[in-house]
Amino acid sequence: MLKVAYSPIYVYQVPERHRFPMQKYPLIVQRLLAEGTLSSENLFAPDKLTEAEILTTHTPEYWHKLKTQTLSRKEARAIGFEMTPQLVERGRYIAHATYECALYAKQYGISFNVAGGTHHAFADHGEGFCVFNDVCIASNLLLARGEASKILIVDLDVHQGNGNASIMANEPRVFVFSMHGEKNYPFRKVDSDLDINLPNDTDDVAYLAQLQDSLPQLIAQHQPDMIFYQSAVDVLATDKLGKLALTREGCRARDEFVLQQAKRNQIPIAVVMGGGYSEDIEDVVEAHCNSYRLAQQLFFSRDL
Ligand SMILES: [Zn+2]
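Quick caveat: nothing in here was measured; it's all calculated off a predicted structure.

In this fold, Thr57 is placed in the loop between helix H2 (51–54) and helix H3 (60–67). Assessed through its relative accessible area of 8%, Thr57 is described here as buried. Those residues in contact with Thr57 that lie beyond four places of it in its chain are Ala123, Cys136, Ile137, Asn140 and Ile167.

Set out below in structure tokens:
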């Protein structure tokens, strides 16, 4: 059973001037339900992070500022959203969902969070639309509770996961792999365990060659018992922020390769969304939906 984390709290009405397309989340779910890739049985509503869970990864000072809505104007601007209690609440659910997805992945092989991948959140501050670092919190919880012992983060968002790299810098049990646009945000990158910097306009062939050259080796060397996969679609040529040149088919082939690697090696894989900023929301929604369709085909032999 493909378990997919989603709840109405994922939809948050941001003012029109924000360029972050929150509307993709309900659209992805609606489409997957309408076409039969998912039924309501697949969906689950996550719980929210406790304060103790937040503090496995974030500093008490940062959490206090979030809780009391006392981030400075500059700190809020770095995140990119007007900070509200609802936004903090939303982040607590989404980050806990990523942890629950990891547990479902252990049970069923794969699981999805219809949000998450907030890889620009650091221990002591947020930036780039990221408040809590869901994958790092989930990783720390799995390790602390003995539910995983070696974790591989495969971050294929076009933006480098500087928050992941920073938080996990001194955690040898978590290997952070990021493949991203070299000339893109964040302009001051934090070293991951493995970074692949891609030049502008990297196309399907060059992109897939890099991935095929690196991921199987990483899995063989590090033998993870959990993979977090950030399947962002801001690698598309149509993306307004991405600067790479992947087609929708290339993006699908990327997902297929990652999912097959996990399946072949029998490593649970929890998939989080990350970015996607194409002018036409259809490009974003379709490319994300492909990840779910592939999961049903590859893991549950459902031909759609
Ligand atoms: Zn991104």
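Within the element layout of this structure, Val271 appears in strand E8 (residues 269–272). Val271 gets classed as buried once you look at its relative accessible area, which sits at 1%. Sequence separation of Val271 and Leu55 is 216 residues, and the distance between their C-alpha atoms is 23 Å.

Once that is clear, we can look at the side chain of Asp255. Inspection of the secondary structure puts Asp255 in helix H9 (residues 248–264). With a relative accessible area of 0%, Asp255 lands in the buried category. Filtering out sequence-adjacent residues up to four positions away, Asp255 remains in contact with Tyr229, Ser231, Ala287, Ser291 and Leu294.

When the pLDDT values of the protein are averaged, the result is 95; 96% of them are 70 or greater. Here helix H4 (residues 73–79) stands out as the least confident element of the protein, with mean pLDDT 93; strand E7 (residues 226–230) is the most confident, with 99.

A cis amide bond links Tyr185 to the next residue, Pro186, at an omega of -10°. One can find Pro186 in the loop between strand E5 (174–181) and strand E6 (194–198). For Gln69, which is not a glycine, the phi torsion comes out positive at approximately 55°. Note on placement: Gln69 falls in the loop between H3 and H4. With phi around 70°, Lys243 is a residue other than glycine that occupies positive phi space. Residue Lys243 is classed as partly exposed on the basis of its relative accessible area of 40%.

So, about helix H8 (residues 204–222). Here H8 is 19 residues long and its end C-alpha atoms lie 27 Å apart, about the 27 Å a rise of 1.5 Å per residue gives. For H8, the complete set of buried residues consists of Asp204, Tyr207, Leu208, Leu211, Ser214, Leu215, Leu218 and Ile219. Buried residues belonging to H8 abut strand E4 (151–155), E5, E6, E7 and H9. One or two steps after H8, the chain reaches Gln223, where phi turns positive at roughly 45°.

This part takes up the packing of helix H1 (residues 24–35) against helix H10 (residues 281–300). The relative placement of two packed helices is expressed as an angle between their axes plus a distance between the axes. Here H1 crosses H10 at 55°, and the two axes come no closer than 9 Å. For the element pair H1 / H10, the angle class is oblique. Here H1 runs over H10; the crossing is right-handed. Residues Lys24, Leu27, Ile28, Arg31, Leu32 and Glu35 of H1 form the contact with H10, whose participating residues are Ile281, Glu282, Val284, Val285, Glu286, His288, Cys289, Tyr292 and Arg293. In terms of residue class, the contact of H1 with H10 is built from 8 nonpolar, 1 polar and 6 charged.

Let us now look at the packing of H8 against H9. For the pair H8 and H9, interaxial distance at closest approach is 10 Å and the crossing angle is 10°. Judged by the inter-axis angle, H8 sits roughly parallel to H9. Note on element contacts: H9 touches H8 through Gly250, Ala253, Arg254, Phe257, Val258 and Gln261, opposite Asp204, Tyr207, Leu208, Leu211, Gln212, Leu215, Pro216 and Ile219. Of the residues contributing to the contact of H8 with H9, the split by class is 9 nonpolar, 3 polar and 2 charged.

How each quantity is defined
- Residues numbered from 1 in each chain as written.
- Predicted model: local features only at pLDDT ≥ 70, side-chain atom pairs only at ≥ 80, totals over all residues.
- Heavy atoms only, no water.
- Helix = DSSP H or I, 4+ residues; strand = E, 2+ residues; numbered from the N terminus.
- Buried < 20%, exposed > 50% of the residue type's maximum accessible area, 1.4 Å probe, protein only.
- Contact = heavy atoms within 4.5 Å.
- pLDDT = per-residue confidence, 0-100.
- Expected span 1.5 Å × (residues − 1).
- Axes fitted to C-alpha atoms, helices over the stretch in contact; angles between N-to-C directions.
- Parallel < 35°, antiparallel > 145°, perpendicular 65-115°, else oblique.
- Left-handed = near helix turned anticlockwise from the far one by under 90°.
- Nonpolar A, V, L, I, M, F, W, Y, C, P; charged D, E, K, R; others polar.

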